[in-house]
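Residues per chain, in single letters:
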Amino acid sequence: MIAVYAARSSEEDPLSALEIGERPAPEVPEGWARVRLRAASLNHHDLWSLRGVGLPQDRLPMVLGCDGAGVDDEGNEVVVHAVVSDPSWRGDETLDPKRSLLSERYQGTFADAVVVPRRNLVPKPSALSFEEASCLPTAWLTAYRMLFTRSGVAPGATVLVQGAGGGVSTALVALGSAAGYRMWVTGREEVRRARALELGADQAFDSGARLPERVDAVMETVGRATWSHSARSLKPGGTIVVCGATSGDATAAELQRVFFLQLRVVGSTMGTRDELERLAQMCTVTGVRPVIDQVLPLEQARDGFARLLQGDVFGKVVFTRS
Ligand SMILES: NC(=O)c1ccc[n+]([C@@H]2O[C@H](COP(=O)([O-])OP(=O)(O)OC[C@H]3O[C@@H](n4cnc5c(N)ncnc54)[C@H](OP(=O)(O)O)[C@@H]3O)[C@@H](O)[C@H]2O)c1
């Protein structure tokens, strides 16, 4: 089958580690299901994998892709939940120390087919296209959990999102504004800030700008470049929810601010299968749809990776199979 895979890893030049070509079709273990993919969406995680982060040499070659939507062998239209937990694990699978994401231990979704534990299949909402549904399992699920499960702030609160056009950032703005939060955004470029406003942000600011007032919560995916601004932007008792550090680890932890203002720093990773089902339902009920920048045939995946690497994408890049 055709697949997009990491053949090696390169921290400096991740695209040099990317290959598009034939890989063996997957076997289906007992209790697992095969999904013929119709669409799969690209995440920053796929770039980290090419750099070797979370993907050691001894697991290569590895088909990339955490997210996908397609049709299982029984003909059901499904979304693939990307968090694979240990069969013995019960409860919130994001807390399973043995969990992995598709493309870390098991082959990913940038291929004709993927196999996953049967419990990882979620019905695709009929209102969403395969392309839209393929954006839900990583960036959109992560945003859902950050905002609705981990932040502890209720609708009506003011929430700052660091970064305007990222996969997670756009999901946060779209979901938060649909749920009645006042969403503020920072962005490095005017054109991306303008698009965030179109998406439902209440106000958009230059990265690092002083805000008109302090906010109840900050959603952090950027790390070093925005961390101090996040800590400075919070009301006393406010919360930073952090799921990523694209620009690197924070150099100053801002500990004085954290204790003096009694800030909460809360980590968040992916989401549960139940949260994925609720996210799908929320999209159906509210009419909110994933923001798709570009749809490409899987064979042209390299172009999508290059744009994500350059920071050129607003929302999601989706790869399709017919
Ligand atoms: N823990 C988890 O489960 C989980 C899940 C999903 C993602 N993540 C992580 O979260 C991060 C974002 O993922 P993504 O898929 O949304 O990535 P993405 O689509 O590449 O988005 C990158 C975002 O970061 C912002 N950004 C990058 N460098 C910046 C800098 N130097 N200064 C200010 N803003 C900067 C961009 O802002 P502009 O729009 O202003 O350019 C953009 O909004 C990644 O590190 C990813 O690995 C973690």
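In what follows, the accompanying structure is described. (Residues numbered from 1 in each chain as written. Predicted model: local features only at pLDDT ≥ 70, side-chain atom pairs only at ≥ 80, totals over all residues. Heavy atoms only, no water.)

**Points about the sheet that holds strand β1 (residues 2-6)**
Moving on, step 1. Sheet architecture is open: three strands sit in the order β2-β1-β4, paired in antiparallel fashion. Each of the sheet's edge strands pairs with one partner strand only, and the pair in question is β2 (18-22) and β4 (62-63).
Moving on, step 2. Bridge count between β1 and β2: five bridges; the pairing is antiparallel. Each residue of the ladder has a partner; that of Ala6, found in β2, is Leu18.
Moving on, step 3. Across the sheet, helix α9 (residues 301-310) touches β1 and β2, and the angle it forms with β2 is around 165°. (Pairing = 2+ DSSP bridges. Helix = DSSP H or I, 4+ residues; strand = E, 2+ residues; numbered from the N terminus. Contact = heavy atoms within 4.5 Å. Axes fitted to C-alpha atoms, helices over the stretch in contact; angles between N-to-C directions.)

**Describing α9**
Moving on, step 1. If you check which residues of α9 are buried, you get Ala301, Gly304, Phe305, Arg307 and Leu308. Summarising the axial view, the buried residues of α9 lie within an arc of 165°, below the 170-degree limit, and thus occupy one face.
Moving on, step 2. Contact partners of the buried residues in α9: β1, β2, α1 (44-51), β17 (292-297) and β18 (316-320).
Moving on, step 3. One or two residues past the end of α9 sits Gly311, with phi positive at roughly 75°. (Buried < 20%, exposed > 50% of the residue type's maximum accessible area, 1.4 Å probe, protein only. Arc of directions from axis to C-beta.)

**Looking at the side chain of Asp96**
Moving on, step 1. Structurally, Asp96 is set in the loop between β7 (83-84) and β8 (100-101).
Moving on, step 2. Salt bridges are absent for the buried Asp96, whose nearest opposite-charge side chain, Lys98, sits at 6.5 Å.
Moving on, step 3. A polar contact of 2.7 Å, which involves the side chain of Asp96, links it to the backbone nitrogen of Asp86.
Moving on, step 4. Beyond its immediate stretch of four places on either side in the chain, Asp96 contacts Ser85, Asp86 and Trp89. (Lys, Arg positive; Asp, Glu negative; His and termini not counted. Salt bridge = Lys/Arg side-chain N within 4 Å of Asp/Glu carboxyl O. Polar contact = N/O pair within 3.5 Å; in protein donor to acceptor, adjacent residues only side chain to side chain.)

**Brief notes about the site of the ligand**
Moving on, step 1. Close to the ligand lie 25 residues; His44, Trp48, Gly165, Cys243 and Met270 are nearest.
Moving on, step 2. Here Gly165 contributes a backbone N or O atom positioned 2.6 Å from an oxygen atom of the ligand.
Moving on, step 3. In this structure, Gly166 approaches the ligand through a main-chain N or O atom, which is 2.9 Å from an oxygen atom.
Moving on, step 4. Across the complex, the protein chains shield 87% of the 920 Å² of accessible surface that the ligand would expose by itself.
Moving on, step 5. Of all the elements in the fold, those that place two or more residues in the shell around the ligand are α1, α3 (136-150) and α4 (167-178).
Moving on, step 6. For the shell around the ligand, the leading source of residues is α4, giving three residues.
Moving on, step 7. Each residue belonging to the shell around the ligand can be placed in one class, and the counts come to nine nonpolar, 14 polar and two charged. (Near = heavy atom within 4 Å. Areas by Shrake-Rupley, 256 points an atom, 1.4 Å probe, with all protein chains shown as cover. Nonpolar A, V, L, I, M, F, W, Y, C, P; charged D, E, K, R; others polar.)

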